[in-house]
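# Structure at a glance
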Amino acid sequence: MLPNVFRRQTPVHKPRFEDVVETELPVLYRTAKRLTMNDSEAEDLVGQTLYLAARAWPTFDGAYPRSWMIKILRNEHLGRRKKADNRPEVALDDVAEPSHDGYWQAIDWGIVGQEVVRALDFLPEDYRMAVALCDVEGLTRQEVADALGVPEGTVNSRLHRGRNLLRARLVALLGDAAPQGAHP
Amino acid sequence: MSHHDIEGPPCSHMEHMLHDAADGTGRGLRLWYALHHAARCGRCGRFLSRLRETLSAMRQAKPEPEADAMARLKAGRWRDEMSAEE
Ligand SMILES: [Zn+2]
């Protein structure tokens with residue numbers, strides 16, 4: 001993966017904003033829902049993101065519009081939360097290590113599907129966003145780093161820990177399907 | 001190898017390499033080493049195959065947003081900003 005300084009030097013054909021909206025809207029909406037956990041707040045957040053992005057579009061170079069727009073969305077979300085001051089951030093060091101009990105075996109992979117995505121909602125926000133953007137939306141780690149404003153190494157560690165938390169959550173959620181004696 | 005032997009966390013020194021092997025970002029010697037190890041170590045082999053299944057489930061379970069919300073957002077006030085630019 002090329003570092004940012006090299007990637008940004010590549011001349012890009014700048015797409016039309018309308019076309020970017022058409023392509024990126026579902027990703028923005030799903031990301032907003034993962035941040036707000038609420039349909040109407042998510043819609044409002046995406047509406048404001050599109051407005052801010054449209055205003056900034058003339059000065060944007062056109063490279064990586066997906067991570068650029070997610071960055072605007074996330075900054076707007078953080079600004080709103082700061083104003084509301086009602087949801088203190090969970091310090092990442094305070095998140096308990098996922099249990100090793102019933103490491104994988106409790107999961108009946110035939111019934112997982114949507115459960116995986118639902119289980120994502122229980123992860124602390126920083127882990128949830130890393131996993132959602134990389135593993136659900138398919139952004140590269142560099143794009144996620146750009147969107148979240150953190151180094152790529154931070155994305156890697158949040159992604160790996162987030163997947164482990166997700167696994168533990170799935171085992172807890174779906175553990176009833178475990179064969180007898182699966183838990184120690 | 002007993003059931004118990006493959007159910008548990010992977011070897012700790014392999015974990016990052018296995019994540020990269022599972023999601024396709026692993027390359028070259030690191031990828032080769034991860035796959036080689038996973039083929040011979042029950043826990044790491046299980047970890048890799050379960051992680052691949054989880055990742056594949058997540059990709060496929062991407063929910064389609066509600067059509068009405070999409071339509072409202074496509075017609076939102078950002079359009080005024082764009083026409084002001086023209
Ligand atoms: Zn191993």
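The structure displayed is predicted, hence computed values, not measured ones. (Residues numbered from 1 in each chain as written. Chains lettered and ligands numbered in written order. Predicted model: local features only at pLDDT ≥ 70, side-chain atom pairs only at ≥ 80, totals over all residues. Heavy atoms only, no water.)

### Structural notes on the overall build of chain A
Along the backbone of chain A there are 8 helices and 0 strands. When the helices and strands of chain A are listed from N to C terminus, the series reads α-α-α-α-α-α-α-α. Counting every position in chain A, which comprises 184 residues, the buried fraction comes to 53%. Put simply, 76% of the contacts in chain A that link residues at least 6 apart link residues at least 24 apart. In the form shown here, chain A has an accessible surface area of approximately 8,700 Å², with 51% of it arising from carbon and sulfur atoms. (Helix = DSSP H or I, 4+ residues; strand = E, 2+ residues; numbered from the N terminus. Buried < 20%, exposed > 50% of the residue type's maximum accessible area, 1.4 Å probe, protein only. Contact = heavy atoms within 4.5 Å. Areas by Shrake-Rupley, 256 points an atom, 1.4 Å probe, with all protein chains shown as cover.)

### Brief notes about the domain arrangement of chain A
Residues and elements named next belong to chain A. According to the domain assignment, chain A consists of domain 1 (8–84) and domain 2 (92–177). At the boundary of domain 1 with domain 2, total buried surface from both sides reaches about 1,500 Å², with 53% on carbon and sulfur atoms. Taking the shortest distance from any N to any O, the salt bridge between Arg81 and Glu125 comes out at 2.7 Å. The interface formed by domain 1 and domain 2 includes 4 residue pairs in polar contact (both at pLDDT 80 or more). (Domains from an automatic or database assignment. Buried area = accessible area lost by both parts, 1.4 Å probe. Salt bridge = Lys/Arg side-chain N within 4 Å of Asp/Glu carboxyl O. Polar contact = N/O pair within 3.5 Å; in protein donor to acceptor, adjacent residues only side chain to side chain.)

### Quick word on the side chain of Glu81 of chain B
Note on placement: Glu81 of chain B falls in helix 6 (residues 78–85). One buried charged side chain, Glu81 of chain B, makes no salt bridge at all; its nearest oppositely charged neighbour is Arg55 of chain A, positioned 4.5 Å away. Discounting residues that sit within four places of it in the chain, Glu81 of chain B has contacts with Tyr51, Ala54 and Arg55 of chain A. (Lys, Arg positive; Asp, Glu negative; His and termini not counted.)

### A few points about the side chain of Glu15 of chain B
Looking at the secondary structure, you find Glu15 of chain B in helix 2 (residues 15–23). Arg167 of chain A provides the closest opposite charge to the buried, salt-bridge-free Glu15 of chain B, at an N-O distance of 7.1 Å.

### Here we look at the layout of surface pockets
Roughly 410 Å³ of internal volume is contained in the largest pocket. Around the largest pocket, the lining is made up of 19 residues, and of these Thr140 and Arg141 of chain A together with Asp23, Gly24 and Thr25 of chain B lie nearest the centre. Of the residues forming the lining of the largest pocket, the biggest block, 4 residues, is contributed by helix 8 (residues 152–174) of chain A. A breakdown of the residues in the lining of the largest pocket according to their chemical character gives 5 nonpolar, 6 polar and 8 charged. Contributing to the lining of the second largest pocket are 14 residues, with Lys33, Arg34, Val117 and Asp121 of chain A together with Pro63 of chain B lying nearest its centre. (1 Å grid on protein atoms, 1.4 Å probe; cavity = no way out; pocket = protein on both sides within 12 Å on 5 of 7 lines; lining within 4 Å. Points joined across faces, edges and corners; volume = space filled by probe spheres on them. Nonpolar A, V, L, I, M, F, W, Y, C, P; charged D, E, K, R; others polar.)

### Concerning the coordination of the zinc ion
All names here are of chain B. Summarising the metal site, the zinc ion is bound by the protein donors Cys11 (SG), His37 (NE2), Cys41 (SG) and Cys44 (SG), whose distances to it range over 2.0 to 2.3 Å. Bound by 4 donor atoms, the zinc ion shows angles of 100 to 113° at the metal and therefore tetrahedral coordination geometry. Here the donor residues for the zinc ion map to a single chain with the spacing C-x25-H-x3-C-x2-C. Remark: His37 occurs in helix 3 (residues 28–40) and Cys11 occurs in the loop between helix 1 (3–6) and helix 2; sequence separation between them is 26 residues. (Donors = N, O, S within 2.8 Å, 3.2 Å for Na, K, Ca; no water. Tetrahedral: all angles 85-135°; square planar, octahedral: opposite > 155°, others 65-115°.)

### A closer look at the nonpolar core
One finds Phe17, Val46, Leu50, Met69 and Leu166 of chain A together with Leu18 of chain B to be the most contacted residues of the largest nonpolar core, which totals 65 residues. Two domains each provide a minimum of three residues to this core, namely domain 1 (8–84) and domain 2 (92–177) of chain A. The contacts of Leu18 of chain B, once residues within four sequence positions are left out, are Pro10, Ala34, Ala38, Cys44, Phe47, Leu48 and Leu51 of chain B. (Core = buried A, V, L, I, M, F, W, Y, C linked by side-chain atoms within 4.5 Å.)

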